[in-house]
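Examination of the molecular architecture
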Amino acid sequence: MLCNVCKQNEAKVHLTQIIGDKMQKVDLCEECSKEKGVGDPASYSLAELLLGQSLPTDEAAPEAAAAPETETKCPACGYTQADFKKAGRFGCSECYITFADGLGTMLKTMHKGLRHTGKVPTALQQAREAVQKLKTLQKRLEKAVAEENFEEAAQLRDEIKRLKDKAPA
Amino acid sequence: MNIHEFLVPPAVFCQRTGPQDRIVMSSRVRLARNLRKLPFPAWAKKPDRLRLLEAIQPAVESLPQMDPHFSAAMDDLTAFDKQILVERHLISREHAAKGAGSGFVLNREETLCVMINEEDHLRIQSLRPGLQLKACWQAIDELDSTLETKLDYAFSPELGYLTACPTNLGTGIRVSAMLHLPGLVLAEEITRIINAANKLNFAVRGLYGEGTEALGNVFQVSNQMTLGESEPQIIERISKALNQIIEEEENARSILLEKKPKVVFNHIGRAYGVLANAHTISSKETMNLLSLLRLGIDLGMFAQLDRSHWDEIFLLTQPAHLQKQFTEKLGADERDILRADMLRERLRTVPRPQPPK
């Protein structure tokens with residue numbers, strides 16, 4: 001069997017990749033496999049291996065033709081839904097907002113819940129607590145004003161001002 | 001200082017002990033972290049990755065927990081250096097394949113290490129001998145809390161830490177233990193255990209993680225779900241499962257000894273026979289036979305061989321560690337001969353196994 005890439009040497013590396021219900025096979029000689037970086041199983045796709053050409057599979061051609069020009073692209077990194085389908089990974093943290101539709105369904109199959117209940121960065125935690133405190137104070141201020149309790153209202157107003165000055169914009 | 005001067009010699013490395021280390025070889029917790037709005041390593045172009053490395057590496061190096069440290073860009077390490085790090089379980093095989101734009105920082109005690117631009121911008125790892133998941137978590141939590149003041153982490157209040165692969169989303173935590181389970185393998189109970197672990201949503205893998213064989217009856221058990229549970233809950237849940245597996249392994253050993261002692265002694269005696277007398281032996285056969293030797297040590301069948309000595313032999317017979325003992329470049333065939341030479345020499349003064357009294 002000859003190598004699919006150089007078509008000269010005996011193929012010694014045989015790869016099979018299954019994505020969804022499609023199976024792709026590639027046979028490479030040792031040199032081409034090294035050149036294509038086959039040592040790293042996580043970071044290549046067989047279709048890409050063959051000089052970026054997609055391999056002939058039954059549905060590949062009509063699907064590619066039908067791919068709309070207006071496909072959603074992540075504004076931060078340019079990643080597309082098709083990229084995600086191929087790699088199973090996102091392009092950047094903003095992709096979680098860009099591709100939020102359907103994310104829940106996928107996460108349900110992977111995780112125990114859909115909401116993070118673990119560690120929160122301290123700075124963020126403190127900022128969140130400050131916002132919460134500000135809200136409570138504001139409510140008390142409204143109440144104090146409504147009850148014409150102006151002494152307390154003045155105190156609350158000062159406290160709110162102090163908090164706002166302390167927090168970064 | 002190069003990595004070989006930095007790493008403690010195998011003989012010292014293998015003196016480390018920990019709770020339950022008869023069955024649990026090591027514990028690990030790793031966290032996946034990324035920087036906000038910047039492309040993840042696999043999607044980032046090379047200049048982006050280099051910029052990311054430039055931003056992340058000094059931040060990691062400046063951590064008090066990492067002082068003193070070894071720090072390098074992956075393209076400054078040779079394939080041989082990287083293989084040594086893989087055999088010490090300090091980097092993943094995927095990270096070993098990385099070049100320019102990826103990096104690695106390791107602390108003096110070799111208990112904390114950070115892979116930069118592996119699948120995520122940061123893969124922080126905390127390692128301990130034996131079963132010490134809570135200690136691993138405490139150390140890594142502290143390191144992470146310091147690092148978050150220096151780097152702008154990608155974090156969402158609903159989804160938690162945002163990772164390249166949605167399977168790591170949320171806590172970004174992977175808790176794992178390396179278990180030596182020869183009893184369950186010999187008793188043909190291992191498939192049942194693996195299935196039970198899978199049902200509880202734990203992954204069971206081989207010695208070097210994802211996609212690797214369980215050579216030498218060594219299995220890595222880890223959590224798969226990272227979202228919807230807090231880190232302590234995940235650690236609690238996997239600890240329970242691990243304790244159950246440990247108990248099953250101890251049971252399997254007792255039952256084997258009681259019902260089929262000759263089968264057990266036969267396996268261990270033959271393993272000793274081959275290891276002490278072979279003139280060429282592959283790394284794979286060595287690991288599988290050494291597993292039986294370790295079982296013999298656990299059962300008290302070797303008066304003059306202890307576990308730290310065993311750990312050293314296990315490490316020194318791995319391809320890169322074996323190569324390190326010789327200056328000239330070895331081919332696979334030569335390695336097999338030199339491996340056998342070393343094993344014969346190491347076991348020369350070890351009397352053959354005796355059934356436990």
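A separate point is the sheet that holds strand β1 (residues 24–33) of chain B. Residue and element names in this part refer to chain B. Ordered by their spatial adjacency, eight strands build an open sheet running β2-β3-β4-β5-β1-β8-β10-β9, and the pairing between neighbours is antiparallel. The outermost strands of the open sheet, each flanked by one partner alone, are β2 (69–73) and β9 (202–205). Strand-to-strand twist in this sheet, taken as the mean axis angle between neighbours without regard to direction, amounts to 15°. On the sheet, helix α3 (residues 46–61) packs against β2, β3 (103–107), β4 (112–116) and β5 (122–129) and is oriented at approximately 175° with respect to β2. Against the sheet, helix α8 (residues 190–199) contacts β9 and β10 (218–223), and its axis sits at roughly 145° relative to β9.

Residues and elements named next belong to chain B. Ranked by internal contacts, the top residues of the largest apolar core, which has 51 residues, are Val-60, Leu-122 and Leu-147. The element that contributes the greatest number of residues to this core is helix α9 (residues 231–259), accounting for eight residues. Look past the residues within four positions of Leu-147 in its chain and what remains in contact with it is Ala-59, Val-60, Leu-63, Leu-122, Ile-124 and Tyr-153.

Residues and elements named next belong to chain A. When pLDDT is averaged along chain A, the result is 75, and 68% of the positions lie at 70 or above. Residue range residues 40–44 is modelled with pLDDT below 50. Its contacts to residues more than four positions away, or to other chains, number 11 contacts. With pLDDT under 50 throughout, residues 50–67 is counted as low confidence; its partners more than four residues away or in other chains account for 17 contacts.

All names here are of chain B. Per the stated rule, a full pass over the model turns up three cavities of 30 Å³ or more. The computed volume of the largest cavity comes to approximately 50 Å³. What lines the largest cavity is Leu-181, Ile-190, Ile-193, Ile-194, Ala-197, Val-204, Phe-219, Val-221 and Ile-245. Only α8 and β10 provide two or more residues apiece to the lining of the largest cavity. When residues in the lining of the largest cavity are grouped by element, the largest group, four residues, is from α8.

This part covers the packing of aromatic side chains. Residue and element names in this part refer to chain B. For the structure on display, the rule yields 10 aromatic pairs over all chains. Relative to Phe-70, the ring of Phe-6 has its centre 5.8 Å away and its plane inclined at 40°; by these criteria the two rings are tilted. Taken together, the positions of Phe-6 in helix α1 (residues 3–6) and Phe-70 in strand β2 put the pair 64 residues apart, joining distant regions of the chain. Of the two residues, Phe-6 and Phe-70, neither departs from the other in class, the shared state being buried. Taking 4.8 Å as the distance between ring centres and 20° as the angle between the ring planes, the aromatic pair formed by Trp-310 and Phe-314 counts as stacked. Taken together, the residues Trp-310 and Phe-314, both in helix α12 (residues 307–316) and four residues apart, mark about one turn of the helix. Taking the relative accessible area as the measure of exposure, Trp-310 reaches 1% and is therefore buried. Looking at Phe-314, the relative accessible area reads 10%, which means it is buried. Positioned above the aromatic ring of Phe-6 is the side chain of Arg-108, whose terminal nitrogen or guanidinium carbon lies 4.1 Å from the ring centre.

Another aspect to go through is the pattern of salt bridges. Oppositely charged side chains can pair when the atoms bearing their charge come close. Enumeration over the complete set of coordinates arrives at 25 salt bridges over all chains. Between B:Glu119 and A:Arg89 there is a salt bridge, with the nearest N and O atoms lying 3.0 Å from each other. Highlighted residues: B:Glu119 in the loop between β4 and β5 and A:Arg89 in the loop between α4 (81–87) and α5 (95–98), drawn from two different chains. According to the relative accessible area criterion, B:Glu119 is buried, its value standing at 19%. Here B:Arg344 and B:Asp341 are joined by a salt bridge, their closest N and O atoms 3.0 Å apart. A residue pair is termed a helical-turn pair when its members lie 3 or 4 positions apart in one helix, as B:Arg344 and B:Asp341 do in helix α14 (residues 332–347) at three residues. A relative accessible area of 23% means that B:Arg344 is categorised as partly exposed. Here the residues in one salt-bridge network are A:Arg89, B:Glu118, B:Glu119, B:Asp120 and B:Arg123, joined through shared partners.

All names here are of chain B. Close contact between α12 and α14 brings their axes to 11 Å; oriented N to C, the two are set at 170°. By the criterion of interaxial angle, the relationship of α12 to α14 is roughly antiparallel. Between α12 and α14, the contacting residues are His-309, Glu-312, Ile-313 and Leu-316 on the first element and Met-342, Leu-343 and Arg-346 on the second. Tallied by class, residues from the contact of α12 with α14 come to four nonpolar, one polar and two charged.

Let's shift gears to the environment of B:Leu343. Residue and element names in this part refer to chain B. With respect to the secondary-structure elements, Leu-343 resides in helix α14. Sequence separation between Leu-343 and Gly-103 is 240 residues; the distance between their C-alpha atoms is 35 Å. Contact partners of Leu-343, with chain neighbours within four places excluded, come to Leu-275, Ile-281, Thr-286, Ile-313 and Thr-317.

Our focus in this paragraph is the confidence of the model for chain B. Residues with a pLDDT of 70 or more make up 98% of chain B, whose mean pLDDT is 93. Interface confidence in the predicted complex, given as ipTM, is 0.84; pTM for the same model is 0.79.

Here the focus is the environment of A:Lys166. Looking at the secondary structure, you find A:Lys166 in helix α8 (residues 150–166). For the pair formed by A:Lys166 and A:Arg140, sequence separation is 26 residues and the distance between their alpha carbons is 20 Å.

The next point concerns the pairing of β1(B). Residue and element names in this part refer to chain B. Among the 10 residues that make up β1, nine are buried, leaving the element largely enclosed by the rest of the structure. Relative to strand β8 (residues 173–180), β1 runs antiparallel, the two being bridged by seven bridges. Residue pairing for β8: Leu-31 is matched across the bridge by Ile-173. For β1 and β5, the ladder comprises eight bridges, and the chain directions are antiparallel. When the bridges of β5 are listed, Arg-30 appears paired with Gln-125.

What follows deals with the packing of helix α6 (residues 133–147) of chain B against α9(B). Residue and element names in this part refer to chain B. At a minimum axis distance of 10 Å, the contact between α6 and α9 shows a crossing angle of 160°. For the element pair α6 / α9, the angle class is roughly antiparallel. In this structure, α6 meets α9 at a crossing whose hand is right-handed. Contacts from Leu-133, Lys-134 and Trp-137 of α6 reach α9 at Glu-231, Ile-235, Glu-236, Ile-238, Ser-239 and Leu-242.

Conventions we followed
- Residues numbered from 1 in each chain as written.
- Chains lettered and ligands numbered in written order.
- Predicted model: local features only at pLDDT ≥ 70, side-chain atom pairs only at ≥ 80, totals over all residues.
- Heavy atoms only, no water.
- Pairing = 2+ DSSP bridges.
- Helix = DSSP H or I, 4+ residues; strand = E, 2+ residues; numbered from the N terminus.
- Axes fitted to C-alpha atoms, helices over the stretch in contact; angles between N-to-C directions.
- Contact = heavy atoms within 4.5 Å.
- Core = buried A, V, L, I, M, F, W, Y, C linked by side-chain atoms within 4.5 Å.
- Buried < 20%, exposed > 50% of the residue type's maximum accessible area, 1.4 Å probe, protein only.
- pLDDT = per-residue confidence, 0-100.
- 1 Å grid on protein atoms, 1.4 Å probe; cavity = no way out; pocket = protein on both sides within 12 Å on 5 of 7 lines; lining within 4 Å.
- Points joined across faces, edges and corners; volume = space filled by probe spheres on them.
- Phe/Tyr/Trp six-rings, centres within 6.5 Å; stacked < 30°, edge-to-face > 60°.
- Lys NZ or Arg CZ within 6 Å of the ring centre and 35° of its normal.
- Salt bridge = Lys/Arg side-chain N within 4 Å of Asp/Glu carboxyl O.
- Parallel < 35°, antiparallel > 145°, perpendicular 65-115°, else oblique.
- Nonpolar A, V, L, I, M, F, W, Y, C, P; charged D, E, K, R; others polar.
- Left-handed = near helix turned anticlockwise from the far one by under 90°.

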